Amino acid sequence: MTATSNRPSSSPDKGVPVSQPARTHGYASLQPPVLTTRSPLLVASGLVKRYGRVTAVEGVEVDAYEGEVLGIVGESGSGKSTVLRLLNLQESPDAGTYTLDLPGLAGQDLFALDRFARRDVQTRSIGVVYQNPYLGLRMRFTSSGNVAERLLITGERSYAALRAAARESLAASEFPLDRMDDPPRLLSGGMQQRVQLAKALALKPRLLLLDEPTTGLDVSVQALVLDTLKRLQRERSMTIVLVSHDLGVIRALADRVLVMRNGRVVERGLTDQILEDPQHAYTQQLVHARL
Amino acid sequence: MTALADLAHPRQDYSYAFLDASAKRELRRRILKAVAIPGYQVPYASRELPIARGWGTGGLQASLALVGPESVVKVIDQGADDSVNAANLRRFITRMSGAATTTDAARASILQSRHRIPEERLGAYQTLVLQVPDPEPLRGVQSDISKAHEMHADSDYGQLWLLLYEQLVRFRQYVQGASYPALVNGRYVISPSPIPRWDNPKLHQTPSLTILAAGREKRLYTVPPYTNVIPLEFSDVPFQVEDQRGWVCRTTGAVNKFMNELPQSDGSAMYELSDSGYAEKLKNDLPTAPTYYDENGGFYHDGYLKPPVILP
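Residues numbered from 1 in each chain as written. Chains lettered and ligands numbered in written order. Predicted model: local features only at pLDDT ≥ 70, side-chain atom pairs only at ≥ 80, totals over all residues.

*Asks:* Residue-level account of the overall build of chain A, with values.
*Replies:* Assigned secondary structure in chain A consists of 11 helices and 9 strands. A burial count over chain A gives 44% of its 291 residues as buried. Contacts in chain A between residues far apart in sequence, at least 24 positions, make up 65% of those at least 6 positions apart. (Helix = DSSP H or I, 4+ residues; strand = E, 2+ residues; numbered from the N terminus. Buried ≥ 20, exposed ≤ 12 C-beta atoms within 10 Å, placed from the backbone. Contact = placed C-beta atoms within 7 Å.)

See the structure below:
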């Protein structure tokens, strides 16, 4: 599996020479992906987040392009989930800026928005899937209700429209529709992740954030969920930021990878390059630490 | 020279209407604020009373703050004037204030009620005090109370429809028995928590003042006279009150009023008017005031209740 084969084949820019200067993160010779001929959808720079004396994230730069899957790997406590929470506008950073190339908001630092505008961006343009479904779902409400809630927040008040949207979104995430009115607490782990995914996709967001989406699932279910993710990514050409410590998941989905350690990005590059030819000592350790 | 003793009040065992003057003043000021901001939950210092929290301390404090010797008090518990809780509260209020009591909703100036709004329409200068167990309509979707306050401040009520959605999915109709959320004056959603759905429309554009007070939660809110109260509903599934068509009161023969269901030993059920003051009038052929729902179940504000939609 190569990173190139994951990219949407519809990309019109294939083969066009790169016009932007290659960014140097110590890899001046590395050509950025062809997608980078467009301006990135997501640019976050100088992210710093401290919790008391602990510095969780220290000067992290993230950029992601339309239709790209960006993987973030690292050991537990390396700050990858904090980065994701910042990108989801759930928390405010101690320093840093964050822009999404959305209509009317291009160039606007999203951390500087008031809470109404922030909530609007969060609801309409960002979808998120947590490792722990208890964080993302109301376990005692119906699965379809969990999906419909996203539309309710944006002001949809027609019961028929909510039903139709919930059905469509659940079908897209390959959830068995005869169970759409069961509460998630009665569903298996894989199905709970599919409900989370349907909820995240209900408003057709530009950016999808996945926080260890398949950790805790057994290998066969994991493969099915990854399959669904890949298909959706191909069909909708969403930008996905995928946090995982599982290099297999990263290899299967991601185009580019950031490697984090102690709140800093230690290496970044194409997935193949990072996984086959890691440069940083920590990445080498990570890649070779297979059971 | 005047002695100090001549200026002082004669010694009393209790302050008038039990609460001390500063407590009553605070309550009246909170009530005024609540009237000024319809539906907004005003915090207040809920005082200790000789009844336990959860037995109507909120309503009792509001009544005690408003009662005077010229007041006529009616106390209702589950529609009845003669249940233990109603009898106790009524005796306490009158003993502490010297107010008169009645079971006639049309004659009362202060009506303290636990679950029901009387069937007869209330008029101007009548005050309905409802005892509220749970003032927070957002509790079902947001357990964090400080986040709920923020949602109220932002009018961020979308998630409340999730509660209605769940009812429609499971039962194909709205089934909530009490606390059916309603939008007051187009701004704040309230949980009129003790009253059944049947009584929700009665809050709309009524000439009387409605005070809802929660003693344990230390919050009170009001529906001022002539204020819009709209129960939440989906645009394609209108709000409905309880379907009690065909239920006939066994003692008065009344129909299309809120009934108590009395299960019989043979498995059938008999029905009885929930509003005992109204039933008493009907039994004794006394003149009654116009009611909210007419004999055919029509509501007195034309077009307020829409015809039902049957979901597949």
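*Asks:* Let's hear about the overall build of chain B: which residues, and what values?
*Replies:* Within chain B one finds 7 helices and 12 strands. Here the C-alpha atoms of chain B give a radius of gyration of 21 Å, agreeing with the 20 Å that 2.2 N^0.38 yields for 312 residues. Restricting to contacts in chain B with at least 6 residues of sequence separation, those with at least 24 account for 64%. (Rg over C-alpha atoms; globule rule 2.2 N^0.38 Å.)

*Asks:* Quick rundown of the pairing of strand β11 (residues 259-263) of chain B? Include the residues and the values.
*Replies:* Residue and element names in this part refer to chain B. Pairing of β11 with strand β12 (residues 269-273), which is carried by 5 bridges, proceeds in the antiparallel orientation. Paired with M259 across the strands is L273, a residue of β12. The turn joining β11 and β12, which pair antiparallel and follow one another in sequence, is formed by 5 residues; a positive phi near 95° is taken by G267. (Pairing = 2+ DSSP bridges.)

*Asks:* Outline the sheet that holds strand β5 (residues 126-129) of chain A, supporting the account with residue identities and numerical values.
*Replies:* Residue and element names in this part refer to chain A. Reading across from one edge, β5-β6-β7-β3-β8-β9 is the order of the 6 strands in this open sheet, with mixed pairing throughout. Both outer strands of the open sheet, β5 and β9 (264-270), are each paired with one neighbouring strand and no more. Direction aside, neighbouring strands of the sheet carry axes that sit 15° apart on average. In the sheet, strand β3 (residues 69-74) pairs with strand β7 (residues 239-243) via 4 bridges, with the strands oriented parallel. Its bridge partner being in β7, G71 is matched across the sheet by L242. Here helix α11 (residues 281-288) sits on the sheet in contact with β3, β8 (256-261) and β9, set at roughly 105° to β8. (Axes fitted to C-alpha atoms, helices over the stretch in contact; angles between N-to-C directions.)

*Asks:* Give me the lowdown on the nonpolar core, citing residues and values where you can.
*Replies:* The biggest cluster of nonpolar side chains holds 87 residues, and the ones touching the most others in it are V83, L209, V241 and L242 of chain A. If one sorts the elements of this core by residue count, helix α6 (residues 160-171) of chain B sits on top with 7 residues. Sequence-distant contacts of L209 of chain A, defined by excluding residues within four places in its chain, comprise L84, L87, N88, I126, G127, V128 and V241 of chain A. Counting 48 residues, the second-largest nonpolar core is a separate cluster that includes A65, A80, I195 and L209 of chain B. (Core = buried A, V, L, I, M, F, W, Y, C linked by C-beta atoms within 7 Å.)

*Asks:* Explain helix α2 (residues 80-87) of chain A to me, using residue names and the numbers behind them.
*Replies:* Residues and elements named next belong to chain A. Of all 8 residues in α2, 6 are buried, a share of seventy percent or more. Listed as buried for α2 are K80, T82, V83, L84, L86 and L87. At the C-terminal side of α2, L89 shows a positive phi close to 60°.

*Asks:* Quick one: what's the story with unusual backbone geometry, residue by residue and with numbers?
*Replies:* Look at E212 of chain A: it is not a glycine, yet its phi comes out positive at around 45°. Following the sequence through the fold, E212 of chain A ends up in the loop between β6 (207-211) and α8 (219-236). Phi angles above zero are rare outside glycine, and R172 of chain B is one such case at about 60°. Relative to the helices and strands, R172 of chain B is located in the loop between α6 and β6 (182-184).

*Asks:* Got a sec to walk through the environment of A213 of chain B? Specific residues and values, please.
*Replies:* Residue and element names in this part refer to chain B. By the element assignment, A213 lies in strand β8 (residues 209-214). For A213, a count of 32 C-beta atoms within 10 Å translates into the label buried. Excluding residues that lie within four positions of it along the chain, A213 makes contacts with G58, G59, Q61, A62, V129, V132 and L220.

*Asks:* Describe in detail the sheet that holds strand β4 (residues 110-113) of chain B, supporting the description with residues and values.
*Replies:* Residues and elements named next belong to chain B. With respect to topology, 7 strands assemble into an open sheet ordered β1-β9-β8-β5-β4-β2-β3, the strand pairing being mixed. Each edge of the sheet is formed by a strand with only one pairing partner; in this case those strands are β1 (42-43) and β3 (100-101). The pairing of β4 with strand β5 (residues 127-131) spans 4 bridges and is parallel. Each bridged residue has a counterpart across the sheet, and for S113 the counterpart in β5 is L130. In the packing of helix α2 (residues 21-36) onto the sheet, the strands contacted are β1, β8 and β9 (219-223), and the crossing angle to β9 comes to about 45°.

*Asks:* Go over the pairing of β8 of chain A with me, naming the residues and quoting the values.
*Replies:* All names here are of chain A. Burial runs high along β8: 6 of the 6 residues are buried. Burial of β8 is two-sided: the residues R256, L258 and M260 facing one way and the residues V257, V259 and R261 facing the other way are all buried. Inspection of the sheet shows β3 paired to β8 by 5 bridges, in the parallel sense. Directly across from I72, in β8, lies its bridge partner L258. Note: β8 against β9, 6 bridges, orientation antiparallel. Directly across from V257, in β9, lies its bridge partner G269. Counting the residues in the hairpin turn of β8 and β9 gives 2 residues, including N262, whose phi is positive at 50°.

*Asks:* Could you give an account of the environment of L168 of chain B, with specific residues and numbers?
*Replies:* Summarising the element assignment, L168 of chain B is placed in helix α6. C-alpha separation for the pair L168 of chain B and S109 of chain B, spaced 59 residues apart in sequence, amounts to 40 Å. Other than its neighbours up to four places away in sequence, L168 of chain B contacts Y159 of chain A together with Q173, V237 and L311 of chain B.

*Asks:* Before we move on, could you go through the environment of Y282 of chain A and cite the residues and values that matter?
*Replies:* Residues and elements named next belong to chain A. Counting through the fold element by element, Y282 comes out in helix α11. Along the chain, Y282 and V266 lie 16 residues apart, while their C-alpha atoms are 8.0 Å from each other. Beyond its immediate sequence surroundings of up to four residues, Y282 is in contact with V259, R261 and V266.

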